[in-house]
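Listed below, chain by chain, are the residues.
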Amino acid sequence: MAARKSKVALGFASASGASDAPGFIPASDASGLAAVPTASDLAAVPTASGTPASTLASLRQPIYNPAFECASRDEVRARQFELLIEQVAWAYERVPFYREQFDAIGLRPADIRTHDDVRKIPFTTKSALRDTYPYGLIAVPLNEIIRLHASSGTTGKPIVVGYTRDDIEQWRYCIMSVAQMAGVVPGDRAQMAFGYGMFTGGFGLHYGMEGLGVMMIPASAGNTERHIMMIEDYGTTVLIATPSYALHICEVGERLGYDWEKSQLRVGLFGGEPCSPKLKAEIESRMHIFCTDNYGLTEVMGPGVSGECLSARDQQHIVEDHFYWEVIDPETLEPVPDGCPGELVLTPLQKKGIPLLRYRTRDLTSVTTEPCGCGRTSARMDKVRRRSDDMLIIRGTNVYPSQIEDVLAGIAGASAYYRLEVDNATGLDRLTLNLEVEPAVFTDSFTEMDIFRRSVADKLRAVLQVSVVVRLVEPGSIERVMGKTKHVEDRRE
Ligand SMILES: [Zn+2]
């Protein structure tokens, strides 16, 4: 278990700024008039290695907008529906793409009268954004768009999203909500390790965190040693990075003899790629920080869709006054029951620049509306670790990289770094796992390494139902990247 930092000395303050909207409430009191948490409340936050539920329940946590985030489910659903109706009308009246879609099936915005009616609205997929590149879905005159972002595709043109001034404000609200879920408070000092380009992560989080009263340190991507120097010299308390880059910073620091326990770093705000529980636990124990995931996608806004609170590890509260969520069976397209896995479908509720109705994210998750120990009533989605389109089909069997991560998480000596290769050079699909071995297990003894290798292969075959060629590689030999780690290389012809 990671040692907990008790040295945090932050000026806790109402995050939402206005004196009549206190930023903090305890889990048991939604009045908004609660005592401000002390530094030791946050210092007692559990790490991935586990903390008894009794400790979690007693935590007091910052909540950005308790009036909504702690409202009853009926109030939340009613407010969502109100916003959704306005959004449907906005899209229908202003975007020819939507008007055509509605008209083709004889649907009018006025036909949407209940939550069940929402299912009449056609889904939107990524191709709608691609086919209308770059400005086809924009609902306002172009001179009202004050920012563009884009997400790079692996093929062809990127998808482009535009934001009005109001959209940028709303985005900031979402980021502030998500940052407070992770325990970030005014007075924190956040170091950005994402790049600031067309990618939504850099600017989106930057302005949101500034809105909260956090000191932003726009270090940007690259130059790991400089990152470590800045963490030390500027007293950085929050690191914004992909989890794999955070681990890289950690390793470089260790090599340089930097003592992470002595740093003021307290929170990792991770995004950009899925973070396996093993990777999270590893970073927490080595860097002595609390790691949180947050989720978002460029198409609907960027980061700020949902964030991990300090109570429900590996689940993320959805910012429900901005996102109407549904979970569907990706094959039948029918809704799945509460808590059951399926594909997440999102409708941004307050977006004016590019309204999107029922956007199919392709991300597989499940959503629960059970109350949370943090005091929020907002729905929680499971960490997204699978996409309906990153499934590999190996000799007819479905394999997800996350299944492999789950198996590796249970094997002592297997590191979080791996790379999968798929080829069919021999005529049959072959799946090869290049796995980095922990330094403690790595030896020169061929026999010992071979026993280890075979045990990994056996465990994988038992879970995946396909055989996997396992190749062990030296610690540090799999490339560390700044951005998203590419775990799979599919060379099949
Ligand atoms: Zn929570």
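Remember, it's a predicted structure, so these values are computed and weren't measured experimentally.

**A short note on the overall build of the chain**
Broken down by element type, the chain carries 13 helices and 23 strands. Look at the contacts in the chain between residues 6 or more apart in sequence, and 69% of them connect residues 24 or more apart.

**A look at the packing of helix 9 (residues 224-234) against helix 10 (residues 243-255)**
What describes two packed helices is the angle between their axes and the distance between those same axes. For the pair helix 9 and helix 10, the least separation of the axes is 9 Å and the interaxial angle reads 80°. The orientation of helix 9 with respect to helix 10, classified from their angle, is roughly perpendicular. Along its contact with helix 9, which presents T224, E225, H227 and I228, the element helix 10 presents H248, I249, V252 and G253. Looking at the contact of helix 9 with helix 10 residue by residue, the class counts come to three nonpolar, four polar and one charged.

**Let's talk about the pairing of strand 21 (residues 430-437)**
Burial along strand 21 is one-sided: the residues L431, L433, L435 and V437 are buried and none of R430, T432, N434 and E436 is. Bridge analysis of strand 20 (residues 414-423) against strand 21 gives seven bridges, and the strand direction is antiparallel. Along strand 21, the bridge assignment pairs E421 with T432. Following strand 20, the chain reverses through six residues before pairing antiparallel with strand 21; G427 in that reversal takes a positive phi of roughly 105°. Here strand 21 pairs with strand 22 (residues 468-473) via six bridges, running parallel.

**Brief notes about the packing of helix 7 (residues 165-181) against helix 8 (residues 200-212)**
Where helix 7 contacts helix 8, the axes come no closer than 8 Å and their chain directions differ by 70°. In terms of orientation, helix 7 and helix 8 fall into the roughly perpendicular class. Residues W171, R172, I175, M176 and A179 of helix 7 form the contact with helix 8, whose participating residues are G204, L205, Y207, G208, M209, G211 and L212. Tallied by class, residues from the contact of helix 7 with helix 8 come to eight nonpolar, three polar and one charged.

**Some points on the pairing of strand 8 (residues 267-270)**
Of the two faces of strand 8, the one lined by V267 and L269 and the one lined by G268 and F270 are each fully buried. Where strand 7 (residues 238-241) meets strand 8, four bridges bridge the pair, whose relative direction is parallel. By the bridge assignment for strand 8, V238 is matched with V267. The handedness of the strand 7 to strand 8 crossover, carried by helix 10, is right-handed. Relative to strand 9 (residues 290-297), strand 8 runs parallel, the two being bridged by four bridges. Of the residues in strand 9, the one forming a bridge with V267 is F290.

**Here's the deal with the sheet that holds strand 21**
The strands that make up a sheet pair up through hydrogen bonds in the backbone, lying either parallel or antiparallel. Pairing in this open sheet of four strands is mixed, and the strands run 22-21-20-23 from one edge to the other. Sheet topology places strand 22 and strand 23 (488-490) at the edges, where each strand pairs with a single neighbour. In this sheet, adjacent strand axes meet at a mean angle of 20° when their direction is disregarded.

**Re unusual backbone geometry**
Going from Y133 to P134, the amide bond is cis rather than trans, its omega being -5°. Note that P134 resides in the loop between helix 6 (126-131) and strand 3 (145-151). One non-glycine residue, D314, lies in the positive phi region at around 70°. Along the chain, the position of D314 falls in the loop between strand 10 (302-308) and strand 11 (315-318). Despite not being glycine, R358 has its phi angle at roughly 50°, a positive value.

**A short note on the sheet that holds strand 17 (residues 386-387)**
Pairing within the open sheet is antiparallel, and its four strands lie in the order 12-13-14-17. Taken across any chain shown, the strands that pair with only one partner, and hence form the sheet edges, are strand 12 (323-328) and strand 17. Direction of pairing for strand 12 relative to strand 13 (residues 342-348): antiparallel, over a ladder of six bridges. The partner of I328 across the bridge, within strand 13, is E343.

**So, helix 4 (residues 73-94)**
Along an α-helix, residues three or four apart share an orientation, since each turn contains 3.6 residues. Relative to the 32 Å expected for 22 residues at 1.5 Å per residue, helix 4 spans 31 Å between its end C-alpha atoms, a close match to the ideal helical length. Of the residues making up helix 4, those classed as buried are Q80, Q87, V88, A91 and Y92. Along helix 4, the residues classed as buried sweep out an arc of 120° about the axis, all on the same side. Of the residues in helix 4, the exposed ones pointing more than 90 degrees away from the buried face are E82 and E93. Check the buried side of helix 4 and you find it contacts helix 5 (96-104), strand 12 and strand 13.

**A few points about the nonpolar core**
Residues A179, V184, A193, I240 and A246 are the most contacted members of the largest nonpolar core, which totals 109 residues. By residue number, the principal contributor to this core is helix 7, which donates seven residues. If sequence neighbours within four positions are ignored, V184 has contacts with A179, L212, V214, V238, V267 and L269.

**Digging into the environment of L212**
You can see L212 is positioned in helix 8. When the C-alpha atoms of L212 and A179 are compared, they prove to be 8.5 Å apart, with 33 residues separating the residues in sequence.

**Topic: the environment of R461**
Inspection of the secondary structure assignment puts R461 in helix 13 (residues 446-464). Expressed as a C-alpha distance, the spacing of R461 and I404, which sit 57 residues apart in the sequence, is 10.0 Å. Not counting residues within four places of it along the chain, the set of residues in contact with R461 comprises V466, S467 and V468.

**Examining the confidence of the model for the chain**
The predicted model of the chain averages 86 in pLDDT, with 86% of residues at 70 or higher. Within the model, pLDDT remains below 50 along residues 6-40, and this stretch shows 69 contacts once partners closer than five positions in the same chain are excluded. Overall, residues 43-59 carries pLDDT values under 50, and its contacts beyond four positions in sequence, including any with other chains, amount to 37 contacts.

Quick notes on the rules
Residues numbered from 1 in each chain as written. Predicted model: local features only at pLDDT ≥ 70, side-chain atom pairs only at ≥ 80, totals over all residues. Helix = DSSP H or I, 4+ residues; strand = E, 2+ residues; numbered from the N terminus. Contact = placed C-beta atoms within 7 Å. Axes fitted to C-alpha atoms, helices over the stretch in contact; angles between N-to-C directions. Parallel < 35°, antiparallel > 145°, perpendicular 65-115°, else oblique. Nonpolar A, V, L, I, M, F, W, Y, C, P; charged D, E, K, R; others polar. Buried ≥ 20, exposed ≤ 12 C-beta atoms within 10 Å, placed from the backbone. Pairing = 2+ DSSP bridges. Right-handed = clockwise from strand over helix to strand, strands pointing away. Expected span 1.5 Å × (residues − 1). Arc of directions from axis to C-beta. Core = buried A, V, L, I, M, F, W, Y, C linked by C-beta atoms within 7 Å. pLDDT = per-residue confidence, 0-100.

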